[in-house]
Every structure is written in structure tokens, then in C-alpha cells.
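# Secondary and tertiary structure notes
The lines below spell out each chain.
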Amino acid sequence: MNDSVIWIFVSAMVVNNFTLSYFLGLCPFMGVSARVETALRMGLANIFVLTLTSISAWFLNTYILAAAPYLRIISFIIVVASLVQIVEMVVKKIAPVLFRQLGIFLPLMTTNCAIFGLAIFQTNRGYDFLQGIVFAIGAGLGLTLALVLMASIRETSELSDIPAIAKGTGLTLIIAGSLSLAFMGFAGLL
């Protein structure tokens, strides 16, 4: 594995974290991060969809859209919507409890800008197949890391003695902002 692939992975996961640095995928970040178990499962579903999106985007760019790059955005929208529908059907069939836990946030992955952003970033950066897969896995693990960190802090804060005025949305936004600042500290690494 060459250095560029390692840097792509580290960059996507930590330095340029989609959620905490680019502010992509905030809907599941705020909505599904109340419990660590649910956040982890949503993160795994995102990793799966991101990886399939990366493969599909590479295939489309290499074999189909080379002659018609103006169709790129509409093609990516169709790919993301289709992949999320497939994942939703599989999760509903295999793990109905998880399907109910994720609720509306599972089909909302269709409009998750992190997934669409992955296809655009991968294309604009000219990643080959392996680099695209590594980028998708790194971005997915970064999103999962952000979800799990947020969920663990939120679970811990429920057990803490916090004034009533600071509980709820206000505290969630303060935690999110603090996590974002911490991750932006990695920006000087690359």
C-alpha cells in the first residue's frame, strides 16, 4: 500500500472529516447520535453505502460519463438514491429492530450530502479505483467516529448534573461545536 493511499484514508477519516470539518451528513449526526449502539449501526450503514457509491461513481466516470460529463450530477443522484433504497430494504428484511431504531434517518441517507459529496470529491480529485475505495472507507469511518463520539458524550451528559437550561438542543450544539473545533485542529497535519 503506497503512502498516497494511507494519506487519503487518514485525511478522509480525521483531518478532513466529512461531518466535523466539512459539515456534511449533519442530519444523522444530530438525529441518530442519542445512543452509541444506534450511532454505530448508522455509521456501518453509511460505510456500506459510501463504499458502494464509490465503486459506482468510479464505474460511471470510467466507462459511461467520459463522453458526457454534464450527466455526472444526475447520475450520482440516481446512484445514491438506488443504493440507499437497496440498503433500506436489506436492513428492513434482515434487522427489523435496527430498521425501527434508525427510523426516518435510514431513508434520509438518500439526501445525505456526505454520500453525494463523496462521489463529487472522488471525481474532482481524480481518484482511481483503489484510492476511491480507501477514500470511501476513510470517510465512512470518520462519519462513524463522529456519530459514536457524539453519542457517547450525549449518553454521559444524561448522567451528569447539568442545569435544565443547558440540556437538550443547546447542549447538543455546544458538544458538536467542540468536537468540530477539536477535529479542525488536525488541519495542519496534511
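Just so it is clear, the model here is predicted, and its values are computed rather than measured.

Here is what the cut-offs are and how they apply
Residues numbered from 1 in each chain as written. Predicted model: local features only at pLDDT ≥ 70, side-chain atom pairs only at ≥ 80, totals over all residues. Heavy atoms only, no water. Helix = DSSP H or I, 4+ residues; strand = E, 2+ residues; numbered from the N terminus. 1 Å grid on protein atoms, 1.4 Å probe; cavity = no way out; pocket = protein on both sides within 12 Å on 5 of 7 lines; lining within 4 Å. Points joined across faces, edges and corners; volume = space filled by probe spheres on them. Nonpolar A, V, L, I, M, F, W, Y, C, P; charged D, E, K, R; others polar. Salt bridge = Lys/Arg side-chain N within 4 Å of Asp/Glu carboxyl O. Buried < 20%, exposed > 50% of the residue type's maximum accessible area, 1.4 Å probe, protein only.

We now examine the environment of S178. Note that S178 resides in helix 8 (residues 169–184). Taking the C-alpha atoms as reference, S178 lies 30 Å from V80; in sequence the two are 98 residues apart.

This next bit is on the layout of surface pockets. The volume enclosed by the largest pocket comes to roughly 150 Å³. In terms of lining, the largest pocket is formed by A34, R154, S157, E158, K167, G168, T169, L171, T172 and I175. Residue contributions to the lining of the largest pocket peak at four residues, all from helix 8. Tallied by class, residues from the lining of the largest pocket come to three nonpolar, four polar and three charged.

All right, on to the pattern of salt bridges then. Overall, the coordinates contain two salt bridges when judged by the stated rule. As a salt-bridge pair, E158 and R35 come within 3.3 Å of each other at their nearest N and O atoms. With E158 in helix 7 (residues 129–159) and R35 in the loop between helix 2 (26–31) and helix 3 (36–64), the pair connects residues that are 123 residues apart, well separated along the chain. Taking relative accessible area as the criterion, E158 reaches 48% and is therefore assigned partly exposed.

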